[in-house]
Every structure is written in structure tokens, then in C-alpha cells.
Amino acid sequence: MGDHWNDWWYEQQRAAEAQRRVEQEQERQRWAKNEEQRREQEYWNQFERNVRPEQRTGVIRPRRSRGPGPIIGASLGGCLVLLIALVVLYQIFVHLSSFITTPATVNSSILVDYGASGYRYEVVPTGEGQGFEAQNYSEAAFQDGTAAFGFAANGCTLDPTIETRWPPNTDILVRRLITVPNGTGQVTIDVAIDNDVLMYWNGSLVGQATHEECAIRDTLHVTILQSQIHKGEPNLLAVRGIDRGGSTYLDMQIQSQ
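Caption draft 1: Main features of the overall build of the chain. Within the chain, the regular secondary structure consists of three helices and twelve strands. Relative to its 257 residues, the chain shows a buried fraction of 30%. Summing over all exposed atoms, the chain offers an accessible surface of approximately 17,400 Å²; the carbon and sulfur share of this is 55%.

Given below as C-alpha cells:
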């Protein structure tokens, strides 16, 4: 009997606690709703107090300006300070600009243009003519030639510029002495090639490229630094063109800067 009594009593307590929590939640919701209504009513009361009588009747008349208030006055003062600061900064900029020197324009001079004459060349089987880039290499088998060197087989855009025949599936060895003026900073070489090219300057490899399809100008761009240039005396440019079948093409442009 005692156990049943205890169970019943605990069950009554849990039910009472649950009921109390429900009532508390309902009370909280009523309070939140009343608070929201109070705040809304307070907002509209404040709005009504700020509306002039003629505006309540639907006739809206602009209020007469009473001059700038403290906020507007402060804004005008800030704008004036900002304007003065901008004027001062502009004067400083103008003063400093007189000490700034504009970089000198780099003048380029074409030493050898595309389609130039004056080359020495030899057509050899692929890979032969090793050491042709050396100053003392014999040119006994070389001939005089005019660029572009090539063989037209695929109707490429540069085919009409070909002046000297270069058969397919061979290498062409091209040499030329170039005198670089004193005062030159660097020399640049742009190459049009079909297919591959190795370029040497005074015996050192300075650039190489592999190209497929028709030749286009500036496929390879090489910069010869000042330390590699013999100014006022001949410099040896040696180029090996390599063809792997079909059309062939080799031409170049050399500029000093």
C-alpha cells in the first residue's frame, strides 16, 4: 500500500509541475504580446507628437527654415577643412613633380631586317656541321644567301618571301657577322622558323625553339645582354635550322637598343 501511495504522490507532483510550466509559458507569451503592443503604441504616440496639426488634416506645409543647426554647421566646417587639405596636397604634388624625371625613351635600331641579304649558309644532312658556331669554323663550303630561306610545300603565308632554297628533311647552317654600335644596351633577335632552330651568339647558345605547322614571325625572341656583346666590332651570329619534312622556313630580325 505504501508503494502505491508513493507512486501516486510522485505522479501528482509531476503533473502539477507540468501544469505550472504550461501556465508560466502562457504568462510569458501574454507578457511578450502586451510588451509588443505597448512598444507599437508608444511608437505611434511619438509619431503623433511629431506631426504638426495641419499635417494631421492632410494639408502638408513645409516648415520654415531656421538656419543651419549644429550638425549642418559642423558638416560645413568639415568640408572647408577637407577643401583646404586638398589644395595643400595639390600644391605639394605640383612641387614634387618638378623633381621627377621622365624615363628616357628606348630607341630601337634595326641592324638586320627580315628578308635581308648578306648571309653565309650551307645545307647539310640532319645533325652534320657540328661546331659551325665557332669563330674559326671554315666557310669554304658556304654560299652567299638572302633570307628568307625555305621550301614552299603547304601554301603558308610567308612562302612568297622565300629567296633562298632550303630542301626539306635537312639542316641549314647560317652565319653572319654583325657590328653592334657603341652605346648599345642590348640586342634582340626575332626568328621565324619551320621546324626547329638553335641560335648562337659569339659561339654560345642563346636560344632555341621547336615549331610545328607554318612559320610565323617572332616564334623565338632572344635577348643578347650587354656582357655578351662586342661593341664596335664584329659579333658572330650562327643559326642552325632543322626541318622534319614538308615546308621549310628560316628568317630573322636583329635590333639594337
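The rest of the description comes next.
Caption draft 2: Focus on a nonpolar patch on the surface. A contiguous nonpolar patch, built from Leu80, Leu82, Leu83, Ile84, Leu86, Val87, Val88, Leu89, Ile92 and Leu96 and spanning about 930 Å² of accessible area, is present on the exposed surface. Considering the arrangement of structural elements, one finds Leu89 in helix H3 (residues 70–97).

Caption draft 3: Just the pattern of salt bridges, in detail. Evaluation of the coordinates by the stated rule reveals 13 salt bridges. One salt bridge connects Arg38 with Glu35, and the closest N-O pair in it is separated by 2.5 Å. Linking Arg38 with Glu35, this pair stays in helix H1 (residues 2–50), spanning three residues, or about one helical turn. What makes Glu35 buried here is its relative accessible area of 16%. Arg240 is the salt-bridge partner of Asp171, the closest N and O atoms lying 2.8 Å from each other. Residue Asp171 is located in strand E6 (residues 171–179), and its partner Arg240 is located in strand E11 (residues 234–242); the two are separated by 69 residues in the primary sequence. Residues Asp171 and Arg240 agree in their burial class; the two are buried. One network of salt bridges, with partners in common, ties together Glu35, Arg38, Arg39 and Glu42.

Caption draft 4: Quick look at the pairing of strand E8 (residues 196–201). Judged by how many residues are buried, E8 sits mostly within the fold: six of six residues are covered. Here E8 shows no split at all, with Asp196, Leu198 and Tyr200 on one side and Val197, Met199 and Trp201 on the other all buried. Where E8 meets strand E9 (residues 204–210), six bridges bridge the pair, whose relative direction is antiparallel. Its bridge partner being in E9, Tyr200 is matched across the sheet by Leu205.

Caption draft 5: Representation of the nonpolar core within the structure. By size, the foremost hydrophobic cluster in this structure holds 28 residues, and its most contacted members are Ile189 and Leu250. The element best represented in this core is strand E7 (residues 187–194), accounting for four residues. Within the second largest apolar cluster, eight residues are counted, among which are Phe132, Phe142, Leu198 and Tyr200.

Caption draft 6: Quick look at the sheet that holds E6. Ordered in space as E3-E2-E6-E11-E8-E9, the six strands form an open sheet in which the pairing is antiparallel. Edge strands, defined here as strands with exactly one partner in the open sheet, are strand E3 (143–145) and E9. Each strand axis lies, on average, 25° off the axis of its neighbour in the sheet, ignoring direction. Across three bridges, the pairing between strand E2 (residues 119–124) and E3 is antiparallel. When the sheet's bridge partners are listed, Arg120 is paired in E3 with Asp144.

Caption draft 7: Inspection of the packing of aromatic side chains at higher detail. The tally for this structure, following the rule as stated, stands at four aromatic pairs. Arranged with centres 5.4 Å apart and planes meeting at 55°, the rings of Tyr121 and Phe149 form a pair that is tilted. Here the residue Tyr121 occupies a position in strand E2, and Phe149 occupies one in strand E4 (residues 149–151), the gap between them amounting to 28 residues. Judged on exposure class, the residue Tyr121 and its partner Phe149 are both buried. By the ring-pair criterion, three or more aromatic residues cluster together here, those being Tyr119, Tyr121 and Phe149. Looking at Arg176, its charged tip hangs above the ring of Tyr119, at a distance of 4.7 Å from the centre.

Caption draft 8: Representation of the pairing of E7. The buried fraction of E7 amounts to eight of the eight residues, a majority that puts the element mostly inside the structure. The alternating pattern of E7 places Val187, Ile189, Val191 and Ile193 and Thr188, Asp190, Ala192 and Asp194 on opposite faces, both of which are buried. The pairing of E7 with strand E10 (residues 220–224) spans five bridges and is classified as antiparallel. When the sheet's bridge partners are listed, Val187 is paired in E10 with Ile224. Bridging between E7 and strand E12 (residues 248–256) involves eight bridges; their strand directions are antiparallel. Bridging across to E12, Asp190 finds its partner in Gln253.

Definitions and cut-offs
- Residues numbered from 1 in each chain as written.
- Predicted model: local features only at pLDDT ≥ 70, side-chain atom pairs only at ≥ 80, totals over all residues.
- Heavy atoms only, no water.
- Helix = DSSP H or I, 4+ residues; strand = E, 2+ residues; numbered from the N terminus.
- Buried < 20%, exposed > 50% of the residue type's maximum accessible area, 1.4 Å probe, protein only.
- Areas by Shrake-Rupley, 256 points an atom, 1.4 Å probe, with all protein chains shown as cover.
- Patch = residues over 30% accessible without salt bridge, like charges linked within 9 Å, V, L, I, M, F, W, Y side chains within 5 Å.
- Salt bridge = Lys/Arg side-chain N within 4 Å of Asp/Glu carboxyl O.
- Pairing = 2+ DSSP bridges.
- Core = buried A, V, L, I, M, F, W, Y, C linked by side-chain atoms within 4.5 Å.
- Axes fitted to C-alpha atoms, helices over the stretch in contact; angles between N-to-C directions.
- Phe/Tyr/Trp six-rings, centres within 6.5 Å; stacked < 30°, edge-to-face > 60°.
- Lys NZ or Arg CZ within 6 Å of the ring centre and 35° of its normal.

Note that every value here comes from positions in space, so none of it alone points to a role or purpose.
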